Each structure stands twice: as C-alpha cells, then as structure tokens.
Amino acid sequence: MHRSRRLWHNYGVFWLGAVLVGLVSVVYAKLIDFGFELFQRMLSYGIWVPLIVTPLGAALAIWLTQKFFRGSEGSGIPQVIATLQESRLSSSLLSMRIMIGKIAISFLGILCGFTIGREGPTVQIGASLMYAMRRGYRRSSVHIERQLTLAGAAAGLAAAFNTPLAGVVFAIEELSRSFVARSSGTLITAIIFSGVVALGLQGNYLYFGQIKAISDFHWTLIPVVVAASLLSGVAGGLFGWLMLNVPRWMPAPLVSVRRTHPVRFAFLCGLAIALIGLASGGTTFGSGYAEARGLLESHVALSPLYALLKFAALCVSYMSGIPGGIFAPSLAIGAGLGNVLAQLTSVVPLPAIAALCMVGYLAAVTQSPITSFVIVMEMIDGHQMVIPLMAVALLSTQVSKTIAPSFYHALAHRFLKPAAHAPQQT
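The rules we used
Residues numbered from 1 in each chain as written. Predicted model: local features only at pLDDT ≥ 70, side-chain atom pairs only at ≥ 80, totals over all residues. Heavy atoms only, no water. Salt bridge = Lys/Arg side-chain N within 4 Å of Asp/Glu carboxyl O. Buried < 20%, exposed > 50% of the residue type's maximum accessible area, 1.4 Å probe, protein only. Patch = residues over 30% accessible without salt bridge, like charges linked within 9 Å, V, L, I, M, F, W, Y side chains within 5 Å. Areas by Shrake-Rupley, 256 points an atom, 1.4 Å probe, with all protein chains shown as cover. Helix = DSSP H or I, 4+ residues; strand = E, 2+ residues; numbered from the N terminus. Axes fitted to C-alpha atoms, helices over the stretch in contact; angles between N-to-C directions. Parallel < 35°, antiparallel > 145°, perpendicular 65-115°, else oblique. Left-handed = near helix turned anticlockwise from the far one by under 90°. Contact = heavy atoms within 4.5 Å. Nonpolar A, V, L, I, M, F, W, Y, C, P; charged D, E, K, R; others polar.

(A) Fine view of the pattern of salt bridges. Across all of its chains, the model carries three salt bridges by this definition. Arg293 serves as the salt-bridge partner of Glu297, at 2.9 Å between the closest nitrogen and oxygen. With relative accessibility at 25%, the residue Arg293 sits in the partly exposed group.

Listed below in structure tokens is the structure:
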C-alpha cells in the first residue's frame, strides 16, 4: 500500500496530467475547426458579413482578454519561456484561468475569421494544465514545477501537430535551450501518454498528408534551396522585426490608440482583417491549413499575392493582442511563398518547393531550425527530403538573425520586465 501510494505521487500525478493534456488538445483542436466551419457558413450569407462580424468580434475578444484573462495574449509560447526562466511568473501566466481564456478567446477569434493558429496556444494550455498538477504532489518544488511546465508544453505541441519527435526537440531547442539528461525521460513520457490519447481519439494521421515530391537528389535542386532560404528567411525576419518594433513603423496616432484604447484598436484590426480577406477572395481567413495542404497536394491554384496578403493578415491579427498562434499561419505563408517561387522555375515540383518554403519561413520566424525541420518532416512524411529541408531551415534561420532577434525569446523578455513592457502589448 505504501509502495503504490509512493508510485502514485512519483509517477501517477504526472501520467494523469499527460493524459489530460492529450484529451484537452484534441478537444481544443476540434473546437477550433468547428469555429472556423461556423465562420465559413456565415460567409455563405454574403461577402459583407466579415465587415460586421470580424471587427465586433475582435473588440469583444480583446475586452474579455483585458478584463478577465490577462496573460493569455498572443501565441502563449513566450509566456511559457518566461515562466521557465522566472518561476514567480507561473501563477499569473500558467493557471486554469489562463487555460480557459486561451481556449475561449481563440475560439472567438477563429469564429471571426482571424488569422491565428491553435498550436502555440496548445503549448500554453498544456503547460498550464501540467503546472496545475503540482497540487497532486505532497511536496512541490520549483524543480518539479519547471519539469511539469516543460513536459506539458512539449506534450501540447506534439499532440497539436501529431509530431511526437518535434515535441521533444521543441522543448530542448526553443523552451529550455539546453538538454538536461534527467529531463529527457520526463519529456518523452509525457509526450507518449499525451500522444497515445490523441492517436486514440483521432487516429494515426499526417497533419498535411503524405507528399511524394522528390525521389532523388538533383544538383539542380541547390539553386532552389538557396532561393527558398533567402526568400523565406527575409520574409520571416521581416515579420519578427515588424512585430517587435511596432512603434518604429506604425503611425503615432495608431500607436497611441493601441496603448491607451486596446479595444478600439482591436476593432480597427478586425476591420483590416475583413478587408484583407475580401481582397483575397476569402483565402486569408483562418489558419491557412486548407490552402497550405492544397498547395502540397497540387490541387489548389492560389494568387501570387496570397503570401503577401496572408502575411498582412497575420501581422494585424497578432498586433491586436488576441490569443492565437502563428505556427499554422506561418506554414501557410511559407506555402504561399513556395507558390510564388514555383512560378519562376519548373525544375522542382510545386509540393517540394512549398514544403521547402514552409520549413524556411517557420524556421525564420521562430529561429529554431531543428524544431521547424522536424515538424514539417513529420507532418508531410518528408523523409525523402531530409537534406533539402534541413538545409533550408538552417540557412533561413541565419538570414532571419541578420534582420531580427529571436521572436519568442524577445517577447518572453517583456514578460520578465513588466515594468518596461506590459504583457498586453505583446
């Protein structure tokens, strides 16, 4: 009896938390998909619907965030990084209140057509849920809380993308920036339990399906790899620079409105997103999953302007402060850049160029090349493209670093210094 009780306190609480992360991740994914389906149904009533729904929904979302769910803004990954560096922030950035707010407000955002993803929020949701499990330990400690947070975040990402290996790499490369031997077993166990639950509920699936883009390596691929790295690296670095230096390029009156009247600013952002969506024919609304998958399967023809319009929609969505991630929209922007590059060369098929630019843009934005490479490789079963994908991820990251610092870590630094930068301004 004493042995089983000790095992429960040592492992049972942790395993239960990992299972719950898997369950919540699946439910959250289905909720976001349902929200976007509702938005698409609203679109069928007329192209004017977003001009009303999106601004009003944005204003409501930011009002709720400011009033009840401070700390849930944006992706959620910077908050997790901040808590891993400063444990005293955990109670305010990782809690059940934050988890509920993240789920509810991001659902409202996708319901209004915002360009946001669910993967970044799932990281904060998983970390919050696992952090709450510390109450199941008789004697919690900073070390236990940090391990729970790290494992929950990694399990959340793995369950969101169905990419278990990426969850481990993400925790090592992006969250902790170091590999601690005694943490590895904890991470892998959490990802296994969370992943088993996700697979049991959704089946074994590939996020973007399987592509057969490149069977053999050709020397003619090298110029394409270089071009994809430069294009996606500059675009990803530019996104990071714009989001980290808003007061330097945005007109002063808008900066003032954003700082003093965030709800009004969100209304303006919603209006801008609606206009961008109408200009794109509705393709920029939502995460961009359908458009990216269509390009990877070569059955969707998108305008060359898609990448630019999607980029603008993501920038506006993130500046509004609404809870929502940038992973899936970044992959869609990358696929759009591949669509542009494919029109300039016929050496490499569109699915391959789209995959290369997807990994390049995601790596440039996050400046985590190994995580980005593993995520995309697992999502498309791209083992035939291992070397080109890895090369683009590494090269685009270096290009991005010449333009802007690490996006997530720069935002995490603002949470670490709240006096200088309020969380809602991320």
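Next comes the rest of the account.
(B) Layout of a nonpolar patch on the surface. A cluster of nonpolar side chains, contributed by Ile47, Trp48, Leu51, Ile52, Leu56, Leu254, Phe267, Leu268, Leu271, Leu275 and Leu278, occupies part of the molecular surface with about 980 Å² of accessible area. Among the elements of the structure, α2 (49-68) and α13 (262-279) are those that each provide at least two residues to the nonpolar patch. Among the elements that line the nonpolar patch, the one with the most residues is α13, at five residues. Along the chain, the position of Leu268 falls in helix α13. Classification of Leu268 as partly exposed rests on a relative accessible area of 41%.

(C) Structural view of the packing of helix α15 (residues 306-320) against helix α16 (residues 327-342). Orientation of α15 relative to α16, taken along the N-to-C sense of each, is 160°, at an axis distance of 8 Å. The pairing of α15 with α16 is recorded here as roughly antiparallel in orientation. Judged by the sense of rotation from one axis to the other, the crossing of α15 with α16 is left-handed. Where α15 approaches α16, its residues Tyr306, Ala307, Lys310, Phe311 and Leu314 are matched on the opposing element by Pro329, Ser330, Ala332, Ile333, Gly336 and Leu337. Of the residues assigned to the contact of α15 with α16, the class counts are eight nonpolar, two polar and one charged.

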